[in-house]
Amino acid sequence: MLPTIDRCCTRFPAAPACAPKQTGSGIHGFSGRRSPFRPCALNYLRGLLLLALPITGVHTFALALSADRQPNRVESARLNDIGVALMNQQLTEKAIAKFEEAHAADPSSAIPLMNKGIALVYLRKLPEAEEALKQAVAIDPNSARAWYSLGILHLDASNPKLAIDDLQHVVKIDPSDADTRYFLGTFYLSLNDYEHAKAEFEAALQLNPVHASANFGMARTLQRMGRTDEAREYLKRFQQLTQNKISSPLSAAYGEQGRYATVQDMLAPESPVESMIPVSFVAQTISSSASSPAGTATENSGNQPGGGACILGIASAGHKDLIVMGDGDQAIRAYRNLGNGSFEEIPAAQTGLIANGHGIACTVGDYDSDGLPDLALAMSDRVILFHNLGNGKFADTTKTVGIQQLNHPAGLTFIDFDHDGDLDLFVTGAATNSSSGPSVLWRNNGNSTFTEWTGPTGLAGEGSTVGATLSDINNDRAVDLVVTGSGSAPTIFENAREGHFKVLPLYNATDLAPTLGVSVFDFNKDGWMDVAVTHAGAPGISLWRNVDGKSFERVPLPIKDAKAAWGLTPIDIDNDGWIDLAVIVETANGAELRVLRNRGAEGFEDVSNAVGANRLKLQNPRSVIAADVDGDGAADLIVTQLNQPPLVLRNVGGNRNHSLRVAFTGLADNKTALGTKVEVFANGKWQKFEI
């Protein structure tokens, strides 16, 4: 017998998944167990109680500013974004006060009014919330967030007919939002309009097949229609999704009623990018110990892969020490950061980081959630996993955890692909036989062991694969992969949360050389992660703008002489809030480091000569990493060289503009916070990052 289905949206406080070690106004973190891209807050609200209040329809309000009172949009944005940060910390009353101040600074903006209304809904002050939201939609009738919140409010006030009218506005504005269709189904169900309820739940599932609440709503609807066998199937589906942590039901907690039920950030009008302040990169070589020479570059090393590097705390999780891949009996080089931009090599016997062969790449992640960062290495013939024992000691646990050689590795990255809070391992490379693909996925079993899981996810790839990075490419809060390799374009693997990833090319151009390195960053501040890749031939590097998660458009770059390129990294060289690029290119004159400054709407400019990059003498450079290694508030660069000591390029001058250092950690799992989104607001300016 099918049990009576009542509600799926349990009203309970959700446990926070991560939190910033340092918090402050205007910092928003996104991470989590149920989704790696959920709002990260210190405390969650208890559930809301439903109230029956006589609330009626939306009225029109007039708005005017006196001639002597002009809106201060910069101040309004600053105050509003402080309010958003306070909401994420569950300080709702304080957030409302900031939204009111923001509205006073710029009465012409609908955002502070809308945010005030949303906050009041969570305080159960429904009449006041309705008044603020009505004013917001009067200013901006196309605000999907305001109409959505009115719908939630009117349902809580036992007025489902008015709630349906509210959400019909949202459907017209954004027909792709599955949560809106789910709530429409819920509203129709409360009116015993089963056919319309069924249609809306079906629409929600068409948009998002793993929408747990929509499956539950469909089960309730079908049961009331007397179609118990069909209802049972949807209930089973709901249980599968929730028990396997594929998705979670919506709840009344802040951040858990859909993306449109959260307050909105506000940006001030973007001002032109100012001229670059004086910045230079000063090179200093990291010396190897006399007992362990760095090696000598071979004559045929020009196209040889390798030279991968990682930043991690060897003896302390907060330090920026360095791991560099090399060749021979000491294929792993560990360097201790002395805090002033200098490094000293740590003997392998002291750390236990011992391997021989040809080292290619490395990645850092806490695979057993013990709070200590572990290290995975891609050698040319195997993968090695080192467990961090603490106090600067590591142990090779590759066999213990069950990882084997199933490809010829070329790169690797930790990723929580199934959103269960345990870090999995994705390895790129070349196939070992004709029946397998080039890439391998190792799924973390949650008990410090791994199971090969490539087939069920469809991540094997084709040809050969090289670089890989994780990102939420389509902003659906599920972690995707971008993989480079021998194909005509890099491959985007969109995470469907279960089963095979959706496979898409990054671009359709066929006249570009195969790709090697890959980085994601939001260079144009539109909220979508863009992709930069390096090529094994001309043009060396290409940049692709993410168009609403649906396609990519190529962005011109001021490099015309590159025959190929290796590593690349996003970096804000002058702390102006616009993310720049550093890339190692091969030219007719040899290998060079190019630094491209982001000038916003004016595009990128080559400032390599201005920052002193043209004076560098590089020998088979491969990787480039951005990190503030000396702690002075400006991002430095580290360049690795095949079988030569790496170069530290200290940023001198970049800290004349301010910067903010934020360290994130998982509270329950995923201690290294991989998959976290970070959004920083300051005086109306905005930056977005992914870890």
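Report follows, based on the coordinates.

Rules behind the numbers
Residues numbered from 1 in each chain as written. Predicted model: local features only at pLDDT ≥ 70, side-chain atom pairs only at ≥ 80, totals over all residues. Heavy atoms only, no water. Core = buried A, V, L, I, M, F, W, Y, C linked by side-chain atoms within 4.5 Å. Buried < 20%, exposed > 50% of the residue type's maximum accessible area, 1.4 Å probe, protein only. Helix = DSSP H or I, 4+ residues; strand = E, 2+ residues; numbered from the N terminus. Contact = heavy atoms within 4.5 Å. Phe/Tyr/Trp six-rings, centres within 6.5 Å; stacked < 30°, edge-to-face > 60°. Lys NZ or Arg CZ within 6 Å of the ring centre and 35° of its normal. Pairing = 2+ DSSP bridges. Axes fitted to C-alpha atoms, helices over the stretch in contact; angles between N-to-C directions. Parallel < 35°, antiparallel > 145°, perpendicular 65-115°, else oblique. Left-handed = near helix turned anticlockwise from the far one by under 90°. Salt bridge = Lys/Arg side-chain N within 4 Å of Asp/Glu carboxyl O. Disulfide = S-S within 2.5 Å.

## Topic: the nonpolar core
Grouped together as the largest cluster of nonpolar side chains are 56 residues, with contacts concentrated most on Tyr148 and Phe183. Here this core gets eight residues from one element, more than from any other, and that element is helix α3 (residues 111–122). Once residues within four sequence positions are removed from consideration, Tyr148 is found in contact with Leu167, Val170, Asp177, Asp179, Thr180, Phe183, Gln257, Gly258, Tyr260 and Ala261. Listed in part, the 21 residues of the second largest apolar core include Ile277, Leu593, Val624 and Leu637.

## Focus: the packing of aromatic side chains
In total, this model carries 11 aromatic pairs according to the counting rule given. Consider the rings of Tyr367 and Phe450, whose centres lie 5.8 Å apart with planes at 50°: the pair is tilted. Placement of the pair is Tyr367 in the loop between β10 (357–365) and β11 (374–379) and Phe450 in strand β17 (residues 450–452), with a sequence separation of 83 residues. Assessed through its relative accessible area of 4%, Tyr367 is described here as buried. For Phe450, a relative accessible area of 5% translates into the label buried. Following the ring pairs from residue to residue traces out a cluster consisting of Tyr148, Tyr182, Phe183, Phe187, Phe201 and Tyr260. Residue placement shows Lys525 over the ring face of Trp578; its charged tip is 4.3 Å from the ring centre. Seen from the ring of Trp566, Arg622 lies directly overhead, with NZ or CZ sitting 3.7 Å from the centre.

## Side note on the pairing of strand β14 (residues 407–415)
Across the nine residues that make up β14, a large majority, seven, are buried. The pairing of β14 with strand β15 (residues 424–431) spans eight bridges and is classified as antiparallel. When the bridges of β15 are listed, Thr413 appears paired with Phe426.

## Side note on the packing of helix α7 (residues 178–190) against helix α8 (residues 194–207)
Put simply, α7 and α8 touch, their axes get as near as 8 Å, and they point 165° apart. For the element pair α7 / α8, the angle class is roughly antiparallel. Of the two elements, α7 crosses α8, and the hand of that crossing is left-handed. Together, Ala178, Arg181, Tyr182, Leu184, Gly185, Thr186, Tyr188 and Leu189 of α7 and Tyr194, His196, Ala197, Glu200, Phe201, Ala203, Ala204 and Leu207 of α8 make up the contact between the two elements.

## Quick look at the environment of Ala430
Positionally, Ala430 belongs in strand β15. A residue is classified by how much of its surface remains accessible, and Ala430, at 27% relative accessible area, is partly exposed. As a C-alpha pair, Ala430 and Thr465 span 35 residues in sequence and 6.5 Å in three-dimensional space. In this structure Ala430 touches Asn407, His408 and Pro438, once residues within four positions along its chain are discounted.

## Considering the pattern of salt bridges
Per the counting criterion, the structure on display carries 30 salt bridges. Between Asp606 and Arg594 there is a salt bridge, and its shortest N-O distance comes to 3.9 Å. Of this pair, Asp606 sits in strand β29 (residues 604–606) while Arg594 sits in strand β28 (residues 590–598), and the two are 12 residues apart along the sequence. Since its relative accessible area comes to 34%, Asp606 is described here as partly exposed.

## Considerations on the environment of Leu425
Structurally, Leu425 can be placed in strand β15. C-alpha of Leu425 to C-alpha of Trp442: the two residues are 17 residues apart in sequence and 5.0 Å apart in space. Residues contacting Leu425, with those up to four places away along its chain left out, are Thr363, Ala376, Val383, Ile403, Leu412, Thr413, Phe414, Val440, Leu441, Trp442 and Phe450.

## Notes on the state of the cysteines
Scanning all chains against the criterion turns up one disulfide. Note that Cys310 is cross-linked by a disulfide to Cys362, the S-S spacing being 2.3 Å. Disulfide Cys310-Cys362: the torsion about the S-S bond is 130°, which places it as right-handed. Placement of the pair is Cys310 in strand β5 (residues 309–312) and Cys362 in strand β10, with a sequence separation of 52 residues. Cys362 carries the same exposure label as Cys310, and that label is buried.

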